[in-house]
Amino acid sequence: MFPITSSTLWSPEPALCQGVRATLDLADVTEVSSVFLLPARSRTRTRHGRTYEVRLRYPVQVQLVPDGEPAYLRSHGTDFHIIPIEWLATGPRRVYSLGPGLRVEGDEVLVLLVQSIGDAWSDKSLVNSLKRMNADVVTSDAPEYGLPCLRISAAFLDVRYPLSTQRTAASA
Amino acid sequence: MMNDDSWRAYSERLVTGDVLAREGYGKGLPVFLPWGIAVIRRLATVFAEEFSRGDTLSVRSPTTLVASDVYDRQVEDFGGYDNIYRVRWAGREYVVRPDCAVDNLAQAMRTPNNGRAGSVLSVFQGFRRLKGPTPPLFRDCAIWPFVQLNRVAACAERQQTVAQIVGSLQQLFHRLCLPVRIVRMGPWKNYSPDLYNVVLVTPFNTPTIVAMFFVVGESYRRMAGVPGGFDAFDVGLTEKILSVLLLCSPGEDGLVLPSSLAPVHAVVATDDGRVPIDDDGSGLIVRVEPLGKKDWWRKWARRGVPVLVEHARGRTRMKTRTGRWREVKPGCAVTDLVLEADAALRAYLAAARDASSLFSVRCESCARGDGLRGEVVPEEDGPCVSCGGPGRLRFITSLATIY
């Protein structure tokens, strides 16, 4: 009955997730929860006297039914943006999310999205580590909020949803 | 009743407690930070641990998109869920998953457990298209985690299966330090001939549902391919557990966590490098730091760490759940301190439940009236508080619905 401890922590996630997280922790990237659907809304915010359009997004754009409003679905590719401008002041600037995402082929796989704004950061060793996990990795350095921005998207082709791999051990 | 300002104040506590980012991805789309993610993972783990005692669970991670025609067929008999997201992508229409009972039950039929149908657990992000001003974790569009367990068992074993599920829920909520009662409410739409609500009374004397389980109705069961002679069960909870813990946290700042959800169980601040408590090989996570500012403990208290110990000038003391400090004997086992913190949280909430008139022993005739009624399970019999006849512990409220 006693509380969970680090050594006994069981997870319902695919086993690969632990390895991915360990790799990102080593690179000092902060995890944020993955949100599958984003309404396609843009807003403007001023920072240091300049006005920026804030448009959080994922590569796949869809229409909501029946009203036709646009929305984004979490997906593989570099045209994503998951750092609200407010985080530049007080929140994390180098983040990742890990969870289900779409590929253009139409299937749903484990997708990692990494975004880092504002500092010079080399992605080579991280990209190599991810590729060794059989990930399809794409990167971009298109700036955001007028600052340098690195984006990495990795689709783990071995983790396809629905996924039924684990069984918890029965205990007496 | 709480107004919008007080809801917002509660939501702010999730930000100061490092559970949520101050700015999320939009209304009803909160973003969890590492501390909050770690708490959520533990919630799913505790659930899985309690429901896997004496049973083997298959774990299934579902797709988030479901083809609309498949979903519509699954729910046509009970009318489906309110406020789902439908999207059109690449010429097809999809639903963003609001639930996965049918898929889990279908898998339970395909994965026999010791020659019988088994249990399937899913932990996923569910979506409901909700509008309105309620702040994060009280009414979200992106529901995470959605923890859903589905079980198939022979009809002849229904009583035993219900008792097992009730037992697992009791153990689960004991570990979450939430003194709930499980209430048999009767039929719900034609989805279920028997709905059970897990009800908590908040310190505001309001009842709230923290988990539910259903005996699944015939047509839905058939849709999942569960043949006659078998019952199907649907048990679930969500991140609402966190919002309830927030509402139930004594004090005005941050969150109070039970040890089962806390990513760190104890923090010790020491001015001479000595760790004055015994980490008795329990595997509990104890963080030791040099004693710095006078209010070193505040950051950890906001995050809900159960045990905070300060060792200064040879004196050791612990901050209790009520905010007071008390002396701790040198060498005291950290296990005992953690259990004490859990017991204090349970006692605080049990006092609210016991002071409430929402649960009382009544006979069937004295329990009649408008509003919601249900029998507490396992049954507790006694004399009816109204007429003195044979009665049973019941949940009785004049409210037409509770959430």
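It should be emphasised that the depicted structure is a prediction, and the values quoted were computed from it without experimental measurement. (Residues numbered from 1 in each chain as written. Chains lettered and ligands numbered in written order. Predicted model: local features only at pLDDT ≥ 70, side-chain atom pairs only at ≥ 80, totals over all residues. Heavy atoms only, no water.)

So, the overall build of chain B
No. 1: The number of helices and strands found in chain B is nine helices and 21 strands.
No. 2: By the compact-globule yardstick of 22 Å for 403 residues, chain B fits well, its C-alpha radius of gyration being 23 Å.
No. 3: When its C-alpha atoms are laid out on the principal axes, chain B stretches across 70 × 65 × 50 Å.
No. 4: The buried share among the 403 residues of chain B stands at 59%.
No. 5: Counting contacts in chain B only where the partners sit at least 6 residues apart, residues at least 24 apart contribute 64% of the total.
No. 6: Summing over all exposed atoms, chain B offers an accessible surface of approximately 16,500 Å²; the carbon and sulfur share of this is 50%.
No. 7: The average position of the 51 basic charges and that of the 44 acidic charges among the side chains of chain B differ by 2 Å. (Helix = DSSP H or I, 4+ residues; strand = E, 2+ residues; numbered from the N terminus. Rg over C-alpha atoms; globule rule 2.2 N^0.38 Å. Buried < 20%, exposed > 50% of the residue type's maximum accessible area, 1.4 Å probe, protein only. Contact = heavy atoms within 4.5 Å. Areas by Shrake-Rupley, 256 points an atom, 1.4 Å probe, with all protein chains shown as cover. Lys, Arg positive; Asp, Glu negative; His and termini not counted. Charge placed at Lys NZ, Arg CZ, Asp CG, Glu CD.)

Details of the overall build of chain A
No. 1: Check the secondary structure of chain A and you find three helices and eleven strands.
No. 2: The buried share of chain A, taken over its 172 residues, is 53%.
No. 3: Long-range contacts, defined here as pairs at least 24 residues apart, represent 63% of the contacts in chain A between residues at least 6 apart.
No. 4: Surface accessibility of chain A: about 7,800 Å² in total, with carbon and sulfur atoms responsible for 50%.

Points about a negative patch on the surface
No. 1: A surface patch of negative charge is lined by Asp278, Asp279, Asp280 and Asp336 of chain B.
No. 2: With respect to the element layout, Asp336 of chain B can be found in helix H9 (residues 334-355). (Patch = residues over 30% accessible without salt bridge, like charges linked within 9 Å, V, L, I, M, F, W, Y side chains within 5 Å. Salt bridge = Lys/Arg side-chain N within 4 Å of Asp/Glu carboxyl O.)

Some thoughts on the side chain of His311 of chain B
No. 1: Here His311 of chain B lies in strand E14 (residues 307-312).
No. 2: Apart from the residues lying within four places of it in its own chain, the contact partners of His311 of chain B are Ala269, Thr270, Asp271, Asp272, Arg274, Pro276, Leu291 and Thr316 of chain B.

Some words on the sheet that holds strand E1 (residues 30-31) of chain A
Residue and element names in this part refer to chain A.
No. 1: Strand order in the open sheet formed by five strands is E1-E7-E8-E10-E9, with mixed pairing between adjacent strands. The sheet is open, and its two edges are formed by E1 and strand E9 (135-140), each paired on a single side.
No. 2: Bridge count between E9 and strand E10 (residues 149-160): six bridges; the pairing is antiparallel. The residue bridging Val137 from the neighbouring strand is Ala154, located in E10.
No. 3: The sheet contacts of helix H1 (residues 16-26) involve E1, strand E7 (94-102), strand E8 (108-117) and E10, and relative to E7 the element is tilted by about 160°.
No. 4: Helix-sheet contacts for helix H3 (residues 124-132) involve E8, E9 and E10, and the interaxial angle to E9 is about 160°. (Pairing = 2+ DSSP bridges. Axes fitted to C-alpha atoms, helices over the stretch in contact; angles between N-to-C directions.)

Details of the sheet that holds strand E2 (residues 37-39) of chain A
No. 1: What the six strands build is an open sheet, ordered E2(A)-E6(A)-E5(A)-E3(B)-E4(B)-E2(B); its pairing is antiparallel. What marks the edges here is a single partner per strand, and that holds for E2 of chain A together with strand E2 (65-67) of chain B. Ignoring strand direction, the axes of neighbouring strands in this sheet form an average angle of 40°.
No. 2: Pairing of strand E5 (residues 60-65) of chain A with strand E6 (residues 70-73) of chain A involves four bridges; the strand directions are antiparallel. Paired with Gln63 of chain A across the strands is Pro70 of chain A, a residue of E6 of chain A.

Comments concerning the interface of chain B and chain A
No. 1: Counting residues at the interface gives 62 residues for chain B and 55 residues for chain A.
No. 2: Sorting the residues of chain B by area buried against chain A places Tyr25, Val59 and Trp89 of chain B first, and these three jointly supply 16% of that buried surface.
No. 3: Here chain B is connected to chain A by four salt bridges.
No. 4: Between Glu69 of chain A and Arg129 of chain B there is a salt bridge; the shortest N-O distance is 4.0 Å.
No. 5: Along the contact surface separating chain B from chain A lie twelve residue pairs in polar contact (both at pLDDT 80 or more). (Buried area = accessible area lost by both parts, 1.4 Å probe. Polar contact = N/O pair within 3.5 Å; in protein donor to acceptor, adjacent residues only side chain to side chain.)

Examining unusual backbone geometry
No. 1: Cis geometry marks the peptide bond from Trp144 of chain B to Pro145 of chain B; its omega dihedral reads 5°.
No. 2: Note that Pro145 of chain B resides in strand E6 (residues 142-154).
No. 3: Looking along the chain, the bond that leaves Val377 of chain B and enters Pro378 of chain B is cis, with omega of -10°.
No. 4: Along the chain, Pro378 of chain B turns up in the loop between strand E19 (372-377) and strand E20 (381-383).
No. 5: The backbone of Tyr145 of chain A sits at a positive phi, close to 55°, despite the residue not being glycine.
No. 6: Along the polypeptide, Tyr145 of chain A turns up in the loop between E9 and E10.
No. 7: According to the relative accessible area criterion, Tyr145 of chain A is buried, its value standing at 4%.

Describing the confidence of the model for chain A
No. 1: Across chain A, pLDDT averages 89, with 90% of residues at or above 70.
No. 2: Taken as a whole, residues 1-7 of chain A scores under 50 in pLDDT and shows 27 contacts with residues more than four places along the chain or in a different chain. (pLDDT = per-residue confidence, 0-100.)

A short note on helix H5 (residues 158-175) of chain B
Residue and element names in this part refer to chain B.
No. 1: With 18 residues, H5 extends 26 Å between its outermost C-alpha atoms, agreeing within 8% with the 26 Å of an ideal straight helix rising 1.5 Å per residue.
No. 2: By the burial criterion, the buried members of H5 are Thr161, Val162, Ile165, Val166, Ser168, Leu169, Leu172, Phe173 and Arg175.
No. 3: Within two residues after H5, Cys177 carries a phi angle of roughly 60°, on the positive side. (Expected span 1.5 Å × (residues − 1).)

A word on the pattern of salt bridges
Any two side chains of opposite charge can pair, given that their charged atoms come close.
Residue and element names in this part refer to chain A.
No. 1: Scanning the model with the defined rule gives 38 salt bridges over all chains in all.
No. 2: Glu31 is the partner of Arg21 in a salt bridge, and the nearest nitrogen-oxygen pair spans 2.9 Å. Residue Arg21 is located in helix H1, and its partner Glu31 is located in strand E1; the two are separated by ten residues in the primary sequence. Per residue, the accessibility class of Arg21 equals that of Glu31, and both read buried.
No. 3: Across the pair Glu86 and Arg43 runs a salt bridge, and its minimum N-O distance is 2.8 Å. Placement of the pair is Glu86 in the loop between E6 and helix H2 (87-90) and Arg43 in strand E3 (residues 43-47), with a sequence separation of 43 residues.
No. 4: On the basis of relative accessible area, Glu86 is assigned to the partly exposed category, the value being 23%.

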